[in-house]
Amino acid sequence: MQEVIIRTNFSKNVGLGHLYRCLKLANELKKYYKITFAIDKKSKISKKIIKFKIIELYKGSTFKNQLSDANLLKRKIEKKNIKFIIVDDYRLDFNWEKFFFTKYQLIVFDDLNKKKHKCHFIIDAKWNSENTQNRYLNLVPKNCNKLLGPKYAMINPILNKLKKKENIFFYFGGAGDLSKFYKLILQFCIMNQVFKKKFNVDLVIGPMAYNYSRIKSLKKRFKFLNIVSNKFDLSIYLERCKFAFSNSSSIIYDLNYLNIPACLFSTSENQKNNIFDLEDLGFYINIDLNKFLNSNKIQLLFLSLLKNLNRIKKLINNKKILIDNRGVKRIVGILNNNKRIIIKDVTSNSKFLNKNGYFKIKDSFVNQYLSYRNMIINRKRSLRKSLIQKHDHYIWWFNSSNLIEKYYYFNKKIISIFYHYKIKINNKSYWYGGWMTCEAKPNFFEIINFLKFQIKISLLKKRLPWLAIIKKNNKFVYLINKKLKFRAIEDQKVITGIKKKFSISKKNKHHFLIK
């Protein structure tokens, strides 16, 4: 029987992702070949989860460089009848692979689309919208078979979609320092107590994680908290999960397959994804972890998300990319047939209608809205000039939907967003709103028309006067509002109330208008 050599690595810093990925492939390949893992050092972890022969490369030493590693492995395997060498290790690239390329079939796993490789197959399940099939352009040989995109995602094949989902699932990866997550878990547990029916929580402590003793101690205080440690198969916890707070490692493919809504974050370079690519996979909540952990909004975000789970669930139900459980079989089938693959480009569907007009904004617009709101041109016009953080935006979004109506104007592109809501000044109700530039700057007549539309739909809902606050140096917007027959407010009590409402302290810097 021919043999497959798998060169990979794992550690407290690297984590277990590479090893898990290789094990999924090895369990399918073992039907056809003898499997041998080549790793740096044997450990309790390797003995527990690698049920194949192991070549220990550095029993009494450590990895130095690619050249010495390649020569060492070459000596260990030179007498073997080898079918493939599989490489899943960020330390190794073209400089290592060239030692084996002419003699053996080389299969490389990568996620980063940055390094040059000399291989016969490259595998990367990452979704990158219409650019997915263009990854590794000029980074691999011309005749290299590129197995790219989510159909090559390798999930746990025993996952059951039909199990009842009730728990909250926390996952920080298989390794790493968990001390920074103590505050987050504590704040979540305190928040969870406000619900009459508290959520049961499965919190995973990875096999190679460390500094987690304080987190484990929370179990004594919060009975709904289940600490999952030293578990290599998370299928039973994923199957009963109704919402996940997780890093954006390969576990996102399991979450997609099981239709589990999630709040994601990245802890390493390979986990960073474009938010709109994540949306195609059904994940619309993606935070900047460090900024979130340093904020005082942890409880508020969790409360906002859990109270709106049905809305978030609808988003993943409408995902564009559906992961199946045949990724491993698909890969092995291609490797065994050894055929050149011709793959048609896969493109994401447009998120917006192709016809022109005014459209009400739905939850699927949540990240697009933030990207426009944070544009410099819009921040300059706003009362709030600073960048809005993702967690602050999600809190606002999910708590304001019943209060704020939002629309976008589409004319070949998204030209503008406009919004309005009711406010009270001195116990009297008014309409107040605003608008933002998006993919193209609207002209004078477009602005007039969509503001007329905005005023019309608001007055159909309730006939209230409109207020406008315009900076005096913004003569263009002032002219537009005068065209719409806004006039200066003469009642100083109303002006004082507006200033208090919007925390306006600067004198003589704004026009206060009413219609």
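Within each chain, residues carry numbers counting from 1 in the order of the written sequence. Local features in this predicted model are restricted to residues of pLDDT 70 or higher, and side-chain atom pairs are both shown and tallied only at a pLDDT of 80 or more, whereas totals for entire chains, interfaces and linings draw on every residue. The side-chain quantities take in all heavy atoms of the structure and omit both hydrogens and water.

**Student:** If you had to explain the overall build of the protein to someone new, which residues and values would you point to?
**Tutor:** The secondary structure content of the protein amounts to 19 helices and 22 strands. Based on the C-alpha atoms only, the size of the protein along its principal axes is roughly 95 × 55 × 40 Å. Whether two residues are in contact is decided by their heavy atoms: any pair within 4.5 Å suffices. Of the contacts made within the protein by residues no fewer than 6 positions apart, 67% connect residues no fewer than 24 positions apart. Only the protein chains shown count as cover for residues, and all accessible areas are computed by the Shrake-Rupley method using a 1.4 Å probe. Surface summary for the protein: the accessible area is close to 25700 Å², and the carbon and sulfur share equals 50%. Here the positive residues are Lys and Arg and the negative ones are Asp and Glu; neither His nor the chain ends is included. To locate a charge, take atom NZ for lysine, CZ for arginine, CG for aspartate or CD for glutamate. The average position of the 105 basic charges and that of the 34 acidic charges among the side chains of the protein differ by 8 Å. Numbering goes from the N terminus for both helices and strands, where a helix is a DSSP run of H or I of at least four residues and a strand is a run of E of at least two.

**Student:** Can you explain the sheet that holds strand 10 (residues 201-205)? Please cite residues and give values.
**Tutor:** The sheet built from six strands is open, its strands ordered 12-10-8-13-14-15 with parallel pairing. Edge positions in the open sheet fall to strand 12 (225-229) and strand 15 (285-286), since each of these has one partner strand only. With four bridges joining them, strand 8 (residues 167-171) and strand 10 adopt parallel strand pairing. Bridging across to strand 10, F170 finds its partner in L203. Axis lines are fitted through C-alpha atoms, for helices just across the contact stretch, and the angle between N-to-C directions can take any value from 0 to 180 degrees. Across the sheet, helix 5 (residues 182-192) is in contact with strand 8, strand 10, strand 12 and strand 13 (241-247); its angle to strand 8 comes to roughly 170 degrees. Packed on one face of the sheet, helix 8 (residues 251-258) meets strand 8, strand 13 and strand 14 (262-265) and runs near 160 degrees to strand 13. In this analysis, strands are considered paired if DSSP registers two or more bridges between them.

**Student:** Tell me about unusual backbone geometry, and please be specific about residues and values.
**Tutor:** A positive phi angle is found at N426, which is not glycine, with a value near 55 degrees. In this structure, N426 sits in the loop between strand 18 (414-425) and strand 19 (428-437). Of note, N508 is a non-glycine position whose phi angle comes to about 55 degrees, a positive value. Within the element layout of this structure, N508 appears in the loop between helix 19 (492-501) and strand 22 (510-514). Owing to a relative accessible area of 64%, N508 belongs among the exposed residues under this scheme. Any residue under 20% of the maximum accessible area for its type is buried, any over 50% is exposed, and the rest in between are partly exposed; the area is computed with a 1.4 Å probe on protein chains only.

**Student:** Account for the confidence of the model for the protein, naming residues and giving values.
**Tutor:** Confidence in the prediction of the protein, expressed as mean pLDDT, is 92, and 97% of residues score 70 or more. Scored below 50 in pLDDT, residues 344-350 shows 14 contacts in the model against residues more than four places distant or in partner chains. How sure the predictor is of each residue is captured by pLDDT, a score from 0 to 100.

**Student:** With reference to specific residues and values, describe the packing of helix 1 (residues 17-29) against helix 13 (residues 327-337).
**Tutor:** Between two packed helices, what matters for the description is the angle formed by their axes and the separation of those axes. For the pair helix 1 and helix 13, the least separation of the axes is 10 Å and the interaxial angle reads 60 degrees. As judged from the angle between their axes, helix 1 and helix 13 are oblique. The handedness of the crossing between helix 1 and helix 13 comes out as right-handed. Between helix 1 and helix 13, the residues in contact are K24, L25, E28 and L29 and V328, K329, I331 and V332, respectively. For the contact of helix 1 with helix 13, the residue count by class is five nonpolar, no polar and three charged. Here the angle decides the label: under 35 degrees means roughly parallel, over 145 means roughly antiparallel, 65 to 115 means roughly perpendicular, and every other value means oblique. With the far helix as reference, a near helix turned anticlockwise by less than a right angle produces a left-handed crossing, and one turned clockwise produces a right-handed crossing. Ten residue types, Ala, Val, Leu, Ile, Met, Phe, Trp, Tyr, Cys and Pro, are classed as nonpolar, four, Asp, Glu, Lys and Arg, as charged, and the remainder, Gly among them, as polar.

**Student:** Account for the pairing of strand 1 (residues 3-8), with residues named and values stated.
**Tutor:** Counting buried positions over the six residues of strand 1 gives six, a clear majority of the element. Burial along strand 1 is two-sided: E3, I5 and R7 facing one way and V4, I6 and T8 facing the other are all buried. The pairing of strand 1 with strand 4 (residues 82-88) spans six bridges and is classified as parallel. Following the sheet pairing, I6 is matched in strand 4 by I86. Pairing between strand 1 and strand 2 (residues 34-39): five bridges, direction parallel. Pairing of I6 across the sheet is with F37, part of strand 2. We call a crossover right-handed when, viewed with both strands directed away from the observer, the connection leading from the first strand over the helix to the second proceeds clockwise. Remark: the strand 1/helix 1/strand 2 crossover connection has right-handed handedness.

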